[in-house]
Amino acid sequence: MARPSLREKLASSAVDTLHTFGFKGCSIQDITEAAGVPKGSFFNHFENKEDLAIDSLRRYLEGVRKDMLFDESVPPLQRLKNHFNYLAERLISLGYGRGCMMSVFAAEMSADYPKMREELRSTFENWCDGVTSVLREAQAKGEVDPRHDPVQLARFLVNAWQGATIRLKITQSCEPIDDFLNVAFKALLK
């Protein structure tokens, strides 16, 4: 079995380190120590810390199971519930102190790091597009009130989710996630 490259060690370790401590809460030294690689090797593999953070965000997003939104063997509204329930379980399993990496980076980096801001903008837009698609399907099947604008409703759900994940870090409980799921699926999308 081949040994992981230094770049891979840095990149995979950075996901956990950056998610736990945030972009501004850890240094390149912290990241290289967590990866068990010499600090000097960092710039052989990444131009700067922002590029590593973008790579980390992409790796983090591989685990959000966006594919659940497009599983046509499941009714649309149930797919949406499954998607958010999966995200909730994932966040809770990581501990209440982390929240969503997207919201962590949005809060810390969007003002000063234009490449990350664009990465986040694109990521949120793609997520909203996926949720919009499911909502349109759900409307066509009579599962969601057709008076709702699916684009606006998708943005609202994603924005509300992100707010809940930020609050999760404050309350150190699943209450904000439970509130989101209950309002979204028992009141708004019933």
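Residues numbered from 1 in each chain as written. Predicted model: local features only at pLDDT ≥ 70, side-chain atom pairs only at ≥ 80, totals over all residues. Heavy atoms only, no water.

**Student:** Sorry if this is basic, but what is going on with the side chain of Ser41 here?
**Tutor:** By the element assignment, Ser41 lies in the loop between α2 (28-35) and α3 (42-45). The exposure class assigned to Ser41 is buried, which follows from its relative accessible area of 6%. Polar contacts involving the side chain of Ser41 include one to the main-chain carbonyl oxygen of Pro38, which spans 2.6 Å. Setting aside its immediate chain neighbours within four residues, Ser41 contacts Leu6 and Leu10. (Helix = DSSP H or I, 4+ residues; strand = E, 2+ residues; numbered from the N terminus. Buried < 20%, exposed > 50% of the residue type's maximum accessible area, 1.4 Å probe, protein only. Polar contact = N/O pair within 3.5 Å; in protein donor to acceptor, adjacent residues only side chain to side chain. Contact = heavy atoms within 4.5 Å.)

**Student:** Which parts of the structure should I look at to understand the environment of Gln78?
**Tutor:** Residue position: Gln78 is located in helix α5 (residues 76-94). Between the C-alpha atoms of Gln78 and Val134, which are 56 residues apart in sequence, the distance is 9.7 Å. Here Asn82 takes part through its side chain, which lies 2.7 Å from a polar atom of the side chain of Gln78.

**Student:** Please clarify how α2 should be interpreted in this entry.
**Tutor:** Note that an α-helix has 3.6 residues per turn; residues three or four places apart therefore point the same way. Buried within α2 we find Ile28, Ile31, Thr32 and Ala35. What you see down the axis of α2 is that its buried residues fit within an arc of 95°, all on one side. Where α2 is buried, its residues touch α1 (6-21), α3 and α4 (49-61). Phi for Gly36, located one or two positions after α2, is positive at around 70°. (Arc of directions from axis to C-beta.)

**Student:** Can you help me understand the packing of aromatic side chains in this one?
**Tutor:** Given two aromatic rings, one states the distance between the centres and the angle between the planes to describe the pair. Evaluated as defined, the whole model comprises 9 aromatic pairs. Consider the rings of Phe23 and Tyr113, whose centres lie 4.9 Å apart with planes at 70°: the pair is edge-to-face. Pair noted here: Phe23 is in the loop between α1 and α2 and Tyr113 is in the loop between α6 (101-109) and α7 (114-140), with a separation of 90 residues, a long-range link. Under the relative-accessibility criterion, Phe23 is labelled buried at 4%. Consider the rings of Phe84 and Phe180, whose centres lie 5.0 Å apart with planes at 55°: the pair is tilted. On the criterion of sequence distance, the pair formed by Phe84 in helix α5 and Phe180 in helix α9 (residues 175-188) is long-range, its members being 96 residues apart. In this structure, Phe84 and Phe180 share a single accessibility class: buried. Chaining the aromatic ring pairs together yields one cluster made of Phe84, Phe124, Trp127, Trp161, Phe180 and Phe185. (Phe/Tyr/Trp six-rings, centres within 6.5 Å; stacked < 30°, edge-to-face > 60°.)

**Student:** Is there a simple way to explain the nonpolar core in this structure?
**Tutor:** In summary, soluble globular proteins display a tendency toward joint burial of nonpolar side chains. The biggest cluster of nonpolar side chains holds 55 residues, and the ones touching the most others in it are Leu80, Phe84, Phe105 and Leu157. Elements represented by at least two residues in this core include exactly α1, α2, α4, α5, α6, α7, α8 (150-171) and α9. Element by element, the count of residues in this core is highest for α7, at 9 residues. If we ignore the near neighbours within four places in the chain, the residues touching Leu80 are Leu69, Val131, Val134, Leu135, Leu157, Phe185 and Leu189. (Core = buried A, V, L, I, M, F, W, Y, C linked by side-chain atoms within 4.5 Å.)

**Student:** Please explain unusual backbone geometry as it appears in this structure.
**Tutor:** Leaving glycine out, the prevailing phi sign among residues is negative, and the prevailing peptide bond configuration is trans. Phi at Arg65 takes a positive value of approximately 55°, unusual for a residue other than glycine. Of note, Arg65 is situated in the loop between α4 and α5. The backbone of Gln172 sits at a positive phi, close to 55°, despite the residue not being glycine. Here Gln172 shows up in the loop between α8 and α9. Since its relative accessible area comes to 43%, Gln172 is described here as partly exposed.

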